[in-house]
Amino acid sequence: MDGSDNEENEQFLQHHDDDDPSSCKHRPRRTLLLHTIFFILYVCFTAIVLFAYPLHSSIPRLNTLTLSGEPLALRWQRFVLSEESPYAGPPSKDIDRAWTKLLDHVNLRASDRELASSNQTSVQLPSGQGSLVWMDKYLRQWIYRDHYHPEVSPEETLHWLLHIDHCLDLIRQALMCRADTSLMTFHWAADRREPMLKLESPEHVCVDWKDLMEKVESRRVSDADMAVLTNPNLAPDGI
């Protein structure tokens, strides 16, 4: 009887010992698999939430869209020296033509909805054509005022100075708003003791100007359209 009991106990213990090692070997693999599945699900869920609800309110982004929401093309560009620029130098027909073409879209029309999206208002254009928005062009003319405005009076000079000061500060604010982090470096010139700025420009990421002009072409307000705009709050001339 004792021998039979011992044999049964040995069989039971042997069976128990065979199961435990096998079970322990599988547990770490199952745990790792579960953790991996949960991690993948967490990453996918987070990506979906961030894509569906971008943090526009807390992370401002630079605007590279037109008024109608079209994305503007970007391209790499090196700045050219003034000697090579078609816009720099003393007044000439070619330079004046280049600036006229460059600023041909200086006045644009925008819809009320587009202005409301940035909490702005403007002068209404006739016949429900929208509202007027503006870009500046007078700074160069003031630099060469003896050519462009040779008969400016002292009183008009004061007005021009205020206008140019305003334009320069707008340019300053625009440059600070879209600060360019491309590096300009220095070198030693043969005849100068102080470091000299290298005039070769690094590559910059720029809005494609041609693409921008093509996309605002339909919004252009002509000089003739500008000429008929008069302040409705003032009495007509001669009254």
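The coordinates are above.
Residues numbered from 1 in each chain as written. Predicted model: local features only at pLDDT ≥ 70, side-chain atom pairs only at ≥ 80, totals over all residues. Heavy atoms only, no water.

Some words on the overall build of the protein
Along the backbone of the protein there are eight helices and six strands. In the protein, the succession of helices and strands from N to C terminus is α-β-α-β-α-β-α-α-α-β-β-β-α-α. Scored against the burial criterion, the 239 residues of the protein give a buried share of 15%. Contacts in the protein between residues at least 24 apart in sequence constitute 60% of all its contacts with a sequence separation of at least 6. (Helix = DSSP H or I, 4+ residues; strand = E, 2+ residues; numbered from the N terminus. Buried < 20%, exposed > 50% of the residue type's maximum accessible area, 1.4 Å probe, protein only. Contact = heavy atoms within 4.5 Å.)

Points about the pairing of strand β6 (residues 203-207)
Every second residue of β6 is oriented toward a common face, the buried set being His204 and Cys206 and the non-buried set Glu203, Val205 and Val207. With five bridges joining them, strand β1 (residues 74-78) and β6 adopt antiparallel strand pairing. For arginine 75, the partnering residue across the bridge sits in β6 and is cysteine 206. (Pairing = 2+ DSSP bridges.)

Re the side chain of glutamate 114
Within the element layout of this structure, glutamate 114 appears in helix α3 (residues 112-116). The exposure class assigned to glutamate 114 is buried, which follows from its relative accessible area of 8%. Of the polar contacts made by the side chain of glutamate 114, one reaches the side chain of arginine 219; its length is 2.6 Å. Every residue in contact with glutamate 114, bar those within four places of it in the chain, is listed here: Leu67, Ser68 and Arg219. (Polar contact = N/O pair within 3.5 Å; in protein donor to acceptor, adjacent residues only side chain to side chain.)

What to know about the pattern of salt bridges
Inspection of every chain in the model, using the stated rule, returns seven salt bridges. The salt bridge involving arginine 75 is made with aspartate 208; its shortest N-O contact spans 3.7 Å. Pair noted here: arginine 75 is in strand β1 and aspartate 208 is in the loop between β6 and α7 (209-216), with a separation of 133 residues, a long-range link. A salt bridge links arginine 97 to aspartate 94, with the nearest nitrogen and oxygen atoms 2.9 Å apart. With a gap of three residues between them, arginine 97 and aspartate 94 both fall in helix α2 (residues 93-102), about one helical turn apart. For the pair shown, arginine 97 and aspartate 94 are each scored as exposed. (Salt bridge = Lys/Arg side-chain N within 4 Å of Asp/Glu carboxyl O.)

With respect to α2
For α2, every residue scored as buried is listed here: Ile95, Ala98 and Leu102. Angularly, the buried residues of α2 cover 60° about the axis, an arc narrow enough to put them on a single face. Exposed residues lying more than 90 degrees from the buried face of α2 are Lys93, Arg97, Thr100 and Lys101. Contacts made by the buried residues of α2 are with α4 (139-143) and α7. (Arc of directions from axis to C-beta.)

Some details on the side chain of aspartate 211
As for its position among the elements, aspartate 211 is in helix α7. Residue classification places aspartate 211 among the buried positions, given a relative accessible area of 15%.

Details of the packing of aromatic side chains
Applying the stated criterion across every chain, the model contains two aromatic pairs. Taking 5.5 Å as the distance between ring centres and 20° as the angle between the ring planes, the aromatic pair formed by tryptophan 142 and tryptophan 160 counts as stacked. With a gap of 18 residues between them, tryptophan 142 in helix α4 and tryptophan 160 in helix α6 (residues 154-177) connect regions that are remote in the sequence. As far as burial versus exposure is concerned, tryptophan 142 and tryptophan 160 are alike and both buried. A cation over a ring is seen here: arginine 145 above tryptophan 142, with NZ or CZ 4.3 Å from the ring centre. (Phe/Tyr/Trp six-rings, centres within 6.5 Å; stacked < 30°, edge-to-face > 60°. Lys NZ or Arg CZ within 6 Å of the ring centre and 35° of its normal.)

Observations concerning α6
Owing to its 3.6 residues per turn, the α-helix brings residues three or four apart onto one side. Given a rise of 1.5 Å per residue, 24 residues ought to cover 34 Å, and the 35 Å separating the end C-alpha atoms of α6 matches this to within 8%. Among the residues of α6, Trp160, Ile164 and Cys167 are the ones counted as buried. In this fold, the buried residues of α6 make contact with α4. (Expected span 1.5 Å × (residues − 1).)

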